[in-house]
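Read off the chains here:
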There are 2 protein chains.
Amino acid sequence: MAAQPQRGVSASTPVSQAADADAVTATAAGAAPAHGGSIAGVAQRAGVSVATVSRVLNGHANVRPATRERVLAEVEASGYRVNELARNLRTAESRLLLTMVPDFGNPFYAEIVRGIDALARQHGYFMLLCDTGADEGRERSYFDLLRRHRADGAICLDPATVQHALAAESTALPWVACCEFDPAVGVPYVGIDNYRAAGDAVRHLIARGRRRIALINSDEHYLYAQQRRDGYLDALRDAGLDARDAWRVDVHCLDYDAGAKAAAALVRDGEAPDAIFAVSDTLAVGVINGLRGVGRRVPDDVAVVGFDDLALSAQIDPPLTTIAQPMRELGETAARLLLQRLADPRASVPGVLLPHRLVVRGSG
Amino acid sequence: MAAQPQRGVSASTPVSQAADADAVTATAAGAAPAHGGSIAGVAQRAGVSVATVSRVLNGHANVRPATRERVLAEVEASGYRVNELARNLRTAESRLLLTMVPDFGNPFYAEIVRGIDALARQHGYFMLLCDTGADEGRERSYFDLLRRHRADGAICLDPATVQHALAAESTALPWVACCEFDPAVGVPYVGIDNYRAAGDAVRHLIARGRRRIALINSDEHYLYAQQRRDGYLDALRDAGLDARDAWRVDVHCLDYDAGAKAAAALVRDGEAPDAIFAVSDTLAVGVINGLRGVGRRVPDDVAVVGFDDLALSAQIDPPLTTIAQPMRELGETAARLLLQRLADPRASVPGVLLPHRLVVRGSG
DNA sequence: TTGAAAGCGCTAACAA
DNA sequence: TTGTTAGCGCTTTCAA
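Note that the structure is predicted; figures quoted are calculated from it, not measured.

Focus on the packing of helix H1 (residues 39-46) of chain A against helix H2 (residues 50-57) of chain A
Two packed helices can be described by the angle between their axes and the distance between those axes.
All names here are of chain A.
1) Next: Two numbers describe how H1 lies on H2: the axes approach to 8 Å, and their chain directions differ by 105°. When the interaxial angle is binned, H1 and H2 end up roughly perpendicular. Taking contact as the criterion, the partners of Ile-39, Ala-40, Val-42 and Ala-43 in H1 are, on H2, Val-50, Val-53, Ser-54 and Leu-57.

Written out as structure tokens, the structure reads:
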């Protein structure tokens, strides 16, 4: 598949509803010598070779202090900046880490991404953030950035089904899985024990006297969804409770409205649940809203437990009982694993499980 | 007073830091010939010159169909991928757009970023997302990526104070301002009419019979904060209403807790406001929570109006009355302006104002 | 300690 | 239509 670069942007932008205030004409610049100039200019003006300038720029030890000063002074004076395009070609690395998330509008992913970003920057990398929409095609095309030397490594938060596809094509590329992972894929990963976490949520509801517990789950392209479902099912079974199919619904999108709709549907039926466990706080927020919309009180009529512990979840009414994930650490760990892998491609990089915890608030 | 404190945080999971499950050892690879190989190999195997391969790869017209097929077949067979590091050096462009946001944890920015990303990708660019924390130092160091040829252009959502600093150092660099802008800086921008929007919010409250209207504002490093304050003040004055200093508070962070704390403080005093206008929905969500915490009912005791119209805002109880910003379009337009600027550096690029609108829901 | 020079892999001007 | 070749700006041997 050849690259089809769409160079040039012809769009003259008629922007209809735009009341264009004032127009900014190109500033000074003109066809100026771009910015900076090259290392050669600096070398010449400093009276040294390009090699010496390079050595100074890269902090190599074997440069006479006087020479170093001279070079640094010239760099300062000319405002020279290294051209990292050239450096990257020469050193064969992009210093970019690719992060692929199914939906960065979800605050859960936003927080993880911050963790990745912080750690990456700390190690001299920048993060290229790509929203895949959990779509295998987009995922694949982003992943291809590794092969095109646009990124040095990747962190994938997409569904296991998608990860399997990646793994089939490219076992050897440096990537790691975060939050969503299948140990069988054979790449380093970090996540939590979803099975146990879901069990904890359900056992909590049972301990509070709930008996008709529903599950609003993500779609089962996600392994975590399967694991949480199993955790839910086994916890019910262990308690000798009914697990009706009608009390299990999969949604294909974790946004608020999906939760609201699913909840309203759940309680519409004859034998309505007295508790709902939703596998994401965004869903749970919607659930609470949906229940309110059909006149059910939380937690009196229906208890609600979410998953993630977003900042938001403590703010709503009633505040959400939920399973907290260490989002920041998940991101940081993923980045660390990837960096390890990049530093030593033949090193053995572990799979890591981080602890979750139940946070009890007012909703259930 | 912050939200309902976490009543019981039962640490159900002892799991020490990292229970490393299984270890992933480096896969096949070894010291393999990296991925791909170069254009020269493809050329040789296809029996053509590198120039021809390059032409095929870039979709140039003047290649005989038969030749093209042969090259394409070889590319396919060998799994060759272009090295964009090399291409970028040669063409002197990185095909990366830098987006600098004060806080991408804020859903407002997340939605704008999606707009930028969508449009950028549509034009063959990727987006480098940088969280500056509204810090001038970080901003400056990110901005330097332009000079180091790491990014072709930048979109800045940071405070005007920070933008002024940038502008002083680099009028000629290709960047645009989004949401937060000062026409005087002389770079293309897109945003809304903050003065009028704030006025609309306040006039709505007045029309609903509110007389003691408080303002919870962002800190005044942001020009938009000054504009919204002026809109608020003038709307009050035009209605002949009191504008007490005690009813105006600036917060330095737009998160939920900041709103909750500010609201609780506002109603603690003797002459409490009967309405609160918060310049961000995240703040407003916190405000509603804070008021609930001190036993005030919304909207009966205190009406609340927010700003932005996040997806979340329709979900909470009561649902938030707010000023909607066209977030997606703001992002897309910013990207479009930047792309225009890159396509033709001497073109006159306009400042663009997009429409806002008042969304009336239950909170005020 | 410093410099000369070879390339990294690609694109594009120029020739054929 | 195709090939030859000169760089893009840098890092890094290898020699001095």
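Still more ground to cover, so stick around.
Observations concerning the pattern of salt bridges
1) Next: For the coordinates displayed, the defined rule picks out 54 salt bridges over all chains.
2) Next: Note that Asp-144 of chain A and Arg-147 of chain A form a salt bridge whose closest N and O atoms lie 2.7 Å from each other. With Asp-144 of chain A and Arg-147 of chain A both in helix H6 (residues 136-147) and 3 residues apart, the pair spans about one turn of that helix.
3) Next: Salt bridges sharing partners connect three or more residues here, namely Arg-81 and Glu-84 of chain A together with Glu-136, Arg-140, Asp-144, Arg-147, Arg-148, Arg-150 and Glu-169 of chain B.

Considering the UniProt feature "domain: HTH lacI-type" (unreviewed entry) in chain A
1) Next: What UniProt calls "domain: HTH lacI-type" (unreviewed entry) maps, in this numbering, to residues 42-91 of chain A.
2) Next: Along residues 42-91 of chain A the backbone is 70% helical and 0% strand, and the end-to-end C-alpha distance reaches 21 Å.

Quick word on the protein's contact with DNA strand D
1) Next: Close to DNA strand D lie 25 residues, the nearest being Ile-39, Tyr-80, Arg-87 and Arg-90 of chain A together with Thr-67 of chain B.
2) Next: At 2.7 Å from a phosphate oxygen of DNA strand D is found a side-chain nitrogen or oxygen belonging to Thr-52 of chain B.
3) Next: Secondary structure elements with two or more residues in the surface near DNA strand D: H2 and helix H4 (84-91) of chain A together with helix H2 (50-57) and helix H4 (84-91) of chain B.

Examining helix H8 (residues 194-207) of chain B
All names here are of chain B.
1) Next: Under the 1.5 Å per step criterion, the end-to-end length of H8 is 20 Å for 14 residues, consistent within 8% with the ideal 20 Å.
2) Next: All buried positions along H8 are accounted for by Asn-194, Ala-197, Ala-198, Gly-199, Ala-201, Val-202, His-204, Leu-205 and Ile-206.
3) Next: Looking one or two residues beyond H8, the residue adopting positive phi is Gly-209, at roughly 95°.

Brief notes about the pairing of strand E9 (residues 275-278) of chain A
Residues and elements named next belong to chain A.
1) Next: Residue alternation in E9 divides its side chains into two sets, Ala-275 and Phe-277 and Ile-276 and Ala-278, and both sets are buried.
2) Next: Judged from the 4 bridges that link them, strand E7 (residues 213-218) and E9 form a sheet pairing that is parallel. The partner of Ala-214 across the bridge, within E9, is Ile-276.
3) Next: For E9 and strand E10 (residues 303-308), the ladder comprises 3 bridges, and the chain directions are parallel. Bridge assignment links Ile-276 to a residue of E10, and that residue is Val-304.
4) Next: Taken together, E9, helix H11 (residues 281-293) and E10 constitute a β-α-β crossover, and its handedness is right-handed.

Focus: the protein's contact with DNA strand C
1) Next: Taken together, 26 residues lie near DNA strand C, and Thr-67 of chain A together with Ile-39, Tyr-80, Arg-87 and Arg-90 of chain B sit nearest.
2) Next: Taken together, the sugar and phosphate atoms account for 62% of what DNA strand C places within 4 Å of the protein.
3) Next: In this structure, Ile-39 of chain B approaches DNA strand C through a main-chain N or O atom, which is 2.3 Å from a phosphate oxygen.
4) Next: Elements that contribute at least two residues to the surface near DNA strand C include exactly H2 and H4 of chain A together with H2 and H4 of chain B.

Rules behind the numbers
Residues numbered from 1 in each chain as written. Chains lettered and ligands numbered in written order. Predicted model: local features only at pLDDT ≥ 70, side-chain atom pairs only at ≥ 80, totals over all residues. Heavy atoms only, no water. Axes fitted to C-alpha atoms, helices over the stretch in contact; angles between N-to-C directions. Helix = DSSP H or I, 4+ residues; strand = E, 2+ residues; numbered from the N terminus. Parallel < 35°, antiparallel > 145°, perpendicular 65-115°, else oblique. Contact = heavy atoms within 4.5 Å. Salt bridge = Lys/Arg side-chain N within 4 Å of Asp/Glu carboxyl O. UniProt positions renumbered as here; feature names shortened; annotations may be inferred. Near = heavy atom within 4 Å. Polar contact = N/O pair within 3.5 Å; in protein donor to acceptor, adjacent residues only side chain to side chain. Expected span 1.5 Å × (residues − 1). Buried < 20%, exposed > 50% of the residue type's maximum accessible area, 1.4 Å probe, protein only. Pairing = 2+ DSSP bridges. Right-handed = clockwise from strand over helix to strand, strands pointing away.

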